[in-house]
Amino acid sequence: MGQIDIDIVMHRLSQLMCGYNYEVVFGLKVFDNCNTVEQLKSRLKITYPHSSPENVPLVSMAVEDFWEEINYGFDYRGDDVAGLELSPAEEIQLKELQQSYIRYIEALIIPGTEIYSYPDDRGLPVYTVYWGFHFAIFTTQKRCVFLFGAGSD
């Protein structure tokens, strides 16, 4: 299997998961030479100047809880007011894209990886209504991957 272009996968996910009164956004930023929470907060402030990472306590997470939050967003279909109405073919295409996203993230999570929830979306390019996640993954290669996703109206 070739290299996954995560930006294309996230863009296609956002397009396919656009429904009635419902849209999603995904983002991912890789910070090299970043292996502490303090370094991450400094980089986040530069990248997202309207955020306040200095006031956000990151919360350590178990990998199972991490995947549960991501899968909740992936599985969300909404209700009569807002959500997705996908044909069987579109549902298959969506599941394939979601698996590409998951495979990309799974490759980052090896023994020694630390995962944190970033419990604040202020200043980030997301608007959370129906579901949302914001995570920092500290890899063993002195790299931090900050990823987020949200479903809104």
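Preceding this section is the structure that the text describes.
So, how was this worked out
Residues numbered from 1 in each chain as written. Predicted model: local features only at pLDDT ≥ 70, side-chain atom pairs only at ≥ 80, totals over all residues. Heavy atoms only, no water. Core = buried A, V, L, I, M, F, W, Y, C linked by side-chain atoms within 4.5 Å. Buried < 20%, exposed > 50% of the residue type's maximum accessible area, 1.4 Å probe, protein only. Helix = DSSP H or I, 4+ residues; strand = E, 2+ residues; numbered from the N terminus. Contact = heavy atoms within 4.5 Å. Phe/Tyr/Trp six-rings, centres within 6.5 Å; stacked < 30°, edge-to-face > 60°.

### Considerations on the nonpolar core
Nonpolar side chains in soluble globular proteins tend to end up buried together.
For step 1, the next point in the chain: If you look at the biggest cluster of nonpolar residues, it comprises 33 residues, and the most contacted ones within it are Leu13, Met17, Phe26, Ile70, Tyr101, Ile105 and Leu147.
For step 2, the next point in the chain: Taken together, the elements giving at least two residues each to this core come down to helix H1 (6–16), strand E1 (23–32), helix H3 (63–75), helix H4 (88–106), strand E4 (131–138) and strand E5 (143–152).
For step 3, the next point in the chain: The element that contributes the greatest number of residues to this core is H4, accounting for six residues.
For step 4, the next point in the chain: For Met17, the residues in contact, after removing those within four places along its chain, are Tyr22, Glu23, Val24, Phe26, Gly73, Phe74, Leu84, Leu94, Gln98 and Trp131.
For step 5, the next point in the chain: Counting 17 residues, the second largest nonpolar core, distinct from the first, contains Leu40, Tyr116, Val126 and Cys144.

### Thoughts on the packing of aromatic side chains
The geometry of two aromatic rings is summed up by the distance between their centres and the angle between their planes.
For step 1, the next point in the chain: The full count for this structure, using the stated rule, is 18 aromatic pairs.
For step 2, the next point in the chain: Relative to Phe133, the ring of Phe26 lies with its centre 6.4 Å away and its plane at 45°, an arrangement referred to as tilted. Here Phe26, found in strand E1, pairs with Phe133, found in strand E4; they are 107 residues apart in sequence, far enough to count as distant. Taken individually, Phe26 and Phe133 each receive the classification buried, so the pair is uniform in this respect.
For step 3, the next point in the chain: Between Tyr48 and Phe146 the ring centres are 6.4 Å apart and the planes differ by 45°, which places this aromatic pair in the tilted class.

### Digging into the environment of Gly112
For step 1, the next point in the chain: Structurally, Gly112 can be placed in the loop between H4 and strand E3 (114–117).
For step 2, the next point in the chain: Residue classification places Gly112 among the exposed positions, given a relative accessible area of 55%.
For step 3, the next point in the chain: In this structure the C-alpha to C-alpha distance between Gly112 and Ala82, which are 30 residues apart in sequence, comes to 40 Å.
For step 4, the next point in the chain: If we ignore the near neighbours within four places in the chain, the residues touching Gly112 are Phe138 and Thr140.

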